[in-house]
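The residues making up each chain are set out below.
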Amino acid sequence: MRALGPGSVSSFLKIILDVIYVGLWIFVSLLSIFTLIALLFSFNPDLLARLVPISDAVESVSRNGPLFASALGAWALMMGGWMLIVERLRRIFGTLTAGDPFHPDNVLRLRMIGLILGGLEIGRYIYTAMSHWLAPSSDSKVSFTLTAWFSVLVVFVLAEVFREGARLRREAELTI
Amino acid sequence: MPVRVNLDRVLLERRMSLTELSDRVGVTIANLSILKTGKARAVRFSTLDALCRELDCQPGDLLTFESGPPDSDD
């Protein structure tokens, strides 16, 4: 199978990355809109009462609205983090398809991906702890996942590999 | 870098231009300029062979070592 060009693994991966990126864009946009709507209704229940004349629903929203909005907001933030990762992966892939995968910028991109992955994992701990504190009835527990931290480590190792690759590329450029 | 390239001196002695040398050895003028200005990180034996053949000189005529602090890798 070819490494680059039509019908290659990289072209297949590029399509996957593009589809995921567009999907995440739509998803994050919708989540942001829903978060704003949830915030609007939770802080202004009269507006909801005018739109939906069911008193139980209005009471439920005014009681659980802020929690629901914060959950949606946290979800939007997490998806935003994933979108940033995919965006950087697409840029790395752009350099690969241009025939220059060891571009110095890719080192920073990979490090940023590692940091975002770590940040998302820490954010998950904070979110789970806060939701447990705000809604004790929920069965959410802070769980330490070794796989997430292992993936962060893998990305940082890859960034170092790319740093060395970029140095070799520079040397190859100046070899006459 | 402690290794100095004396290509400009040898070219002057041979009364040869960089363009002419580029045509003879098959190395681009841009790459020969990098070599001449001492910005090159490495020289292939094949390039050195072609340069010595066309300039009728020894590798020692083109390269000299001067003691000094080595350059960093980055």
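These numbers were taken from a predicted model, which means no experiment stands behind them.

**Here's the deal with the pattern of salt bridges**
Residue and element names in this part refer to chain A.
- Considering all chains together, one arrives at 19 salt bridges over all chains under this definition.
- Among the salt bridges present, the one from Arg111 reaches Glu160, with a minimum N-O distance of 3.1 Å. Remark: Glu160 occurs in helix α5 (residues 146–173) and Arg111 occurs in helix α4 (residues 104–134); sequence separation between them is 49 residues.
- Given the relative accessible area of 36%, Glu160 is considered partly exposed.
- Through salt bridges with shared partners, one network takes in Asp100, Arg169, Arg170 and Glu173.

**Topic: the nonpolar core**
- Grouped together as the largest cluster of nonpolar side chains are 21 residues, with contacts concentrated most on Leu7, Leu21, Leu32, Leu51, Leu55 and Leu62 of chain B.
- A per-element tally of this core places helix α4 (residues 45–55) of chain B first, with five residues.
- In terms of nonpolar packing, the next biggest core, distinct from the first, is built from 13 residues, Leu31, Ala69, Ala76 and Val86 of chain A among them.

**Here's the deal with the packing of aromatic side chains**
Residues and elements named next belong to chain A.
- Within the structure shown, the criterion is met by three aromatic pairs over all chains.
- Measuring from ring centre to ring centre gives 5.1 Å for Phe102 and Phe162, while their planes differ by 50°; the resulting arrangement is tilted. Here Phe162 lies in helix α5 and Phe102 lies in the loop between α3 (55–97) and α4, a separation of 60 residues in the sequence.
- With a relative accessible area of 33%, Phe102 lands in the partly exposed category.

**A closer look at a nonpolar patch on the surface**
- A cluster of nonpolar side chains, namely Val22, Trp25, Ile26, Leu30, Ile33, Phe34 and Ile37 of chain A, defines an oily patch on the protein surface of about 660 Å² accessible area.
- Here Trp25 of chain A is to be found in helix α1 (residues 9–43).

**A few points about the side chain of Thr128 of chain A**
Residue and element names in this part refer to chain A.
- Within the secondary structure, Thr128 is located in helix α4.
- A residue is classified by how much of its surface remains accessible, and Thr128, at 9% relative accessible area, is buried.
- Within the local environment of Thr128, its side chain forms a polar contact with the backbone oxygen of Arg124, the two atoms lying 2.6 Å apart.

**Overview of the domain arrangement of chain A**
Residues and elements named next belong to chain A.
- When the domains of chain A are assigned, the result is domain 1 (1–79) and domain 2 (102–176).
- The partner domain 2 presents four residues to the four residues of domain 1 that form the contact.
- Buried area between domain 1 and domain 2, summed over both chains or domains, comes out near 340 Å², and the portion from carbon and sulfur atoms is 84%.
- Run the count over domain 1 and domain 2 and you get zero salt bridges.
- Linking domain 1 with domain 2 are zero residue pairs in polar contact (both at pLDDT 80 or more), by the criterion used here.

**What to know about the packing of helix α2 (residues 18–25) of chain B against α4 of chain B**
Residues and elements named next belong to chain B.
- Running from N to C, α2 and α4 point in directions that differ by 120°, and their axes come no closer than 10 Å. Accordingly, the angle class assigned to the pair α2 and α4 is oblique. As α2 runs across α4, the sense of the crossing is right-handed. Residues Leu21, Arg24 and Val25 of α2 lie in contact with α4, whose contacting residues are Ala50, Leu51, Glu54 and Leu55.
- Of the residues contributing to the contact of α2 with α4, the split by class is five nonpolar, no polar and two charged.

**Digging into the interface of chain A and chain B**
- Opposite the five residues of chain A that make contact, chain B presents 13 residues.
- For the pair chain A and chain B, the summed buried surface comes to about 870 Å²; carbon and sulfur atoms form 59% of the total.
- If you sort the residues of chain A by the area they bury against chain B, Leu174, Thr175 and Ile176 of chain A come out on top, with a joint share of 72%.
- Where chain A meets chain B, there are one salt bridge.
- For the interface between chain A and chain B, the tally reads five residue pairs in polar contact (both at pLDDT 80 or more).
- Its residues assigned to classes, the side of chain A that touches chain B comprises two nonpolar, one polar and two charged.

Rules behind the numbers
Residues numbered from 1 in each chain as written. Chains lettered and ligands numbered in written order. Predicted model: local features only at pLDDT ≥ 70, side-chain atom pairs only at ≥ 80, totals over all residues. Heavy atoms only, no water. Salt bridge = Lys/Arg side-chain N within 4 Å of Asp/Glu carboxyl O. Helix = DSSP H or I, 4+ residues; strand = E, 2+ residues; numbered from the N terminus. Buried < 20%, exposed > 50% of the residue type's maximum accessible area, 1.4 Å probe, protein only. Core = buried A, V, L, I, M, F, W, Y, C linked by side-chain atoms within 4.5 Å. Phe/Tyr/Trp six-rings, centres within 6.5 Å; stacked < 30°, edge-to-face > 60°. Patch = residues over 30% accessible without salt bridge, like charges linked within 9 Å, V, L, I, M, F, W, Y side chains within 5 Å. Areas by Shrake-Rupley, 256 points an atom, 1.4 Å probe, with all protein chains shown as cover. Polar contact = N/O pair within 3.5 Å; in protein donor to acceptor, adjacent residues only side chain to side chain. Domains from an automatic or database assignment. Contact = heavy atoms within 4.5 Å. Buried area = accessible area lost by both parts, 1.4 Å probe. Axes fitted to C-alpha atoms, helices over the stretch in contact; angles between N-to-C directions. Parallel < 35°, antiparallel > 145°, perpendicular 65-115°, else oblique. Left-handed = near helix turned anticlockwise from the far one by under 90°. Nonpolar A, V, L, I, M, F, W, Y, C, P; charged D, E, K, R; others polar.

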